[in-house]
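Each chain is listed here by its residues.
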Amino acid sequence: MARKAFAVNDAVRERVRHLAGIGLRQDDIAKIIGCSPKTLRKRLRDELDRGVAEANATVCGYLFASAKAGNVTRKSSG
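Here's what I pulled together on the structure shown here. Being a predicted model, the structure only gives us computed values, none of them experimental.

Conventions and cut-offs
Residues numbered from 1 in each chain as written. Predicted model: local features only at pLDDT ≥ 70, side-chain atom pairs only at ≥ 80, totals over all residues. Heavy atoms only, no water. Helix = DSSP H or I, 4+ residues; strand = E, 2+ residues; numbered from the N terminus. Rg over C-alpha atoms; globule rule 2.2 N^0.38 Å. Buried < 20%, exposed > 50% of the residue type's maximum accessible area, 1.4 Å probe, protein only.

## What about the overall build of the protein chain?
Then, number 1: In terms of helices and strands, the protein chain carries four helices and zero strands.
Then, number 2: N-terminal to C-terminal, the α/β element order of the protein chain is α-α-α-α.
Then, number 3: A compact globule built from 78 residues would reach a C-alpha radius of gyration of about 12 Å, whereas the protein chain, at 18 Å, exceeds it by more than 25%.
Then, number 4: Counting only C-alpha atoms and orienting by the principal axes, one finds that the protein chain spans roughly 65 × 30 × 15 Å.
Then, number 5: A buried classification covers 21% of the 78 residues belonging to the protein chain.

Okay, here's the thing in structure tokens:
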């Protein structure tokens, strides 16, 4: 009996972007969405890459805004 084809839709794409962005391992993302890690990488590569890049950009934006507002911490020597 043939396996049912894995269906990719906008909801799956968004979930993969989110999970990749919070740093979840690809093997765990594959388990959550119900496919093999190989299928995940083959069919959703862009979402994996974008999720990480978007999360990094968001964090950098918050850090930059905080630093501009004077919210910085210096490591004391000694």
